[in-house]
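Read off the chains here:
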Amino acid sequence: MAAGTNIKTYFNGVWHDADVPVLRAADHGTWQATTVFDGARYVNGLAPDLRKHCDRVVRSARALSLTPGKTGEEIYDIVWEGLKRYPKDAAVYVRPMFFGIDSGAYGLVPAETEAGFCVCLEEVPIAAPDAASRLATTQFHRPTLATAVLDAKAGCLYPNNARMLMEAMSKGYDNALVCDAIGNVAETATANIFMVRDGVVFTPIPNGTFLNGITRQRHMANLRADGHDVIERVLTFDDFRAADEVFMSGNLNKVTPVLEFEGTHYQHGPVTKRARELYWDWAASAA
């Protein structure tokens, strides 16, 4: 089942006004899960950091030992062709993807032949500025680079995120605040995480267990340019329990305020609101 509506797919050099099949039963991506993707946004005619997302999906393909047949620049141009099929006021989720087709050694290694490629566009509304989340702990952790291909935005990583999310939801919460393998906070089940204490912005230092998100980096740059202290450091659950504000940072909704972490409550505070304002001001200025 698709996540959005009004789906358009680029596959085999052609745009289709439909959700079309792209994998076959014997393709490597089907039975060995060699799929990578990236997510970007098109909102009110703006596609913030689209080129960075297109470049990253190429890096993800290589990290998963796939051979991408498209450059970031080529993907960028293809995506804009597809976005022209939508009205300017549409909110679109942009998802370029590579996937293994042929098998190499033992059937496990992807062949060095060119990987499959497609782009999926879906209309997905962006959440309202006051749409907030509540976080819970989870027994599941982020893996390490020695145990999973964490330098790729790979589909095979997401079942772990799904069970984090399902556990949090089973407790009556919306999302999970997730630790790395040694118990320090990494991110949530779906997005990077920030906290604010006494006006200073903190976020977990990237240690290879989670993606250093493109939107995360943009928020850090914007807040610093606005005069805020932004510090990357090791953070624990207790740090988040002592925070004044917490917000999630991800491509889908850009900024999501957090109002609770398992009994610790936060305001939808001024720094969270400012981060959202700065992001869309930057996006408009960069267009």
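Residues numbered from 1 in each chain as written. Predicted model: local features only at pLDDT ≥ 70, side-chain atom pairs only at ≥ 80, totals over all residues. Heavy atoms only, no water.

Of note, Pro 68 is situated in the loop between helix H2 (50-63) and helix H3 (72-83). Put simply, Pro 68 and Cys 156 are 88 residues apart on the chain and 18 Å apart in space, counted from C-alpha to C-alpha. Those residues in contact with Pro 68, other than ones at most four positions away along the chain, are Val 58, Ala 61, Arg 62 and Phe 98. (Helix = DSSP H or I, 4+ residues; strand = E, 2+ residues; numbered from the N terminus. Contact = heavy atoms within 4.5 Å.)

Among the surface-exposed residues, Tyr 106, Leu 108 and Val 109 lie close enough to one another that they form a single nonpolar patch of about 390 Å² accessible area. Of note, Leu 108 is situated in the loop between strand E5 (91-99) and strand E6 (116-123). (Patch = residues over 30% accessible without salt bridge, like charges linked within 9 Å, V, L, I, M, F, W, Y side chains within 5 Å. Areas by Shrake-Rupley, 256 points an atom, 1.4 Å probe, with all protein chains shown as cover. Salt bridge = Lys/Arg side-chain N within 4 Å of Asp/Glu carboxyl O.)

Relative to the elements of secondary structure, Thr 137 occurs in the loop between strand E7 (133-136) and helix H4 (158-170). Thr 137 gets classed as buried once you look at its relative accessible area, which sits at 17%. In this structure, Thr 137 is in contact with Lys 171, Leu 177, Phe 237, Phe 261 and Glu 262, ignoring residues within four places of it in sequence. (Buried < 20%, exposed > 50% of the residue type's maximum accessible area, 1.4 Å probe, protein only.)

So, about unusual backbone geometry. The residue Ser 65 is not glycine, and still its phi comes out positive at about 65°. Here Ser 65 shows up in the loop between H2 and H3. With a phi angle near 55°, Asp 198 is a residue other than glycine that sits in the positive phi range. Structurally, Asp 198 can be placed in the loop between strand E10 (192-197) and strand E11 (200-204). Residue classification places Asp 198 among the exposed residues on the basis of a relative accessible area of 65%.

A separate point is empty space enclosed by the protein. Applying the stated rule across the entire model yields one cavity of 30 Å³ or more. When its volume is computed, the largest cavity comes out at roughly 40 Å³. Together, Leu 66, Thr 67, Gly 100, Ile 101, Asp 102, Pro 110, Ala 111, Thr 113, Glu 114 and Ala 115 line the largest cavity. A class-by-class count of the residues in the lining of the largest cavity yields five nonpolar, three polar and two charged. (1 Å grid on protein atoms, 1.4 Å probe; cavity = no way out; pocket = protein on both sides within 12 Å on 5 of 7 lines; lining within 4 Å. Points joined across faces, edges and corners; volume = space filled by probe spheres on them. Nonpolar A, V, L, I, M, F, W, Y, C, P; charged D, E, K, R; others polar.)

Bear in mind that shape data such as this cannot, by itself, settle questions of function.
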